[in-house]
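Structural overview for review
This is what each chain is made of:
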Amino acid sequence: MKHLVAVYGTLKRGRNNSHILRGARLVGTDWMPELSLYHLGPYPGAIEEPSPGVRVEVYAVTDTMLKALDELEDFFPERPQSSLYIRQTMDTRHGSAWVYIYNRPVKTIQRLRSGSW
């Protein structure tokens, strides 16, 4: 089965984890104003919080790729509360897509106002 996934950090084209999406079809890009992006050091985290927007790339992925993404993002469907990221669906201009939402407090973390990492 194919799923849409919107990515905003190390999974984007040319970034260090983009190889995980090798074979996935790039559907397009979008700007998501319902998200805010935070700088977590070697990778970013997005949370649901209004902002000028976060730039995402939307990919069509297989079940196998989605499982690999869950592993990369430390998402545990059976115990989401302990996951580093929560995977949830959000609307994009390309349809409903999975987005990995950072699942830790961001109070002391630098917000990336540009919406791009």
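Analysis parameters
Residues numbered from 1 in each chain as written. Predicted model: local features only at pLDDT ≥ 70, side-chain atom pairs only at ≥ 80, totals over all residues. Heavy atoms only, no water. UniProt positions renumbered as here; feature names shortened; annotations may be inferred. Pairing = 2+ DSSP bridges. Helix = DSSP H or I, 4+ residues; strand = E, 2+ residues; numbered from the N terminus. Axes fitted to C-alpha atoms, helices over the stretch in contact; angles between N-to-C directions. Contact = heavy atoms within 4.5 Å. Buried < 20%, exposed > 50% of the residue type's maximum accessible area, 1.4 Å probe, protein only.

The protein is annotated in an unreviewed UniProt entry as Gamma-glutamylcyclotransferase family protein of Marinobacter adhaerens. UniProt lists a comment for the protein under the heading Sequence similarities (unreviewed entry), and it reads "Belongs to the gamma-glutamylcyclotransferase family."

1. A short note on the sheet that holds strand 7 (residues 95-102)
Overall, mixed pairing links the five strands, which are arranged 2-5-1-7-6 in an open sheet. The strands lining the two open edges of the sheet, one partner per strand, are strand 2 (25-32) and strand 6 (85-92). Each strand axis lies, on average, 35° off the axis of its neighbour in the sheet, ignoring direction. As paired strands, strand 1 (residues 3-7) and strand 5 (residues 54-61) are joined by five bridges and run antiparallel to one another. Each residue of the ladder has a partner; that of A6, found in strand 5, is V58.

2. With respect to the environment of V7
When you line up the elements, V7 lands in strand 1. Considering only alpha carbons, one finds V7 and V54, 47 residues apart in sequence, at a separation of 9.8 Å. If we skip the residues at most four places from it in the chain, V7 touches K12, L21, R55, V56, E57 and Y59.

3. What about the environment of K12?
With respect to the helices and strands, the residue K12 is situated in the loop between strand 1 and strand 2. The class of K12 is buried, set by a relative accessible area of 8%. Note: C-alpha distance between K12 and L26 (14 residues apart in sequence) is 10.0 Å. When neighbours within four sequence positions are excluded, K12 is seen to be in contact with V7, S18, R55, E57 and S116.

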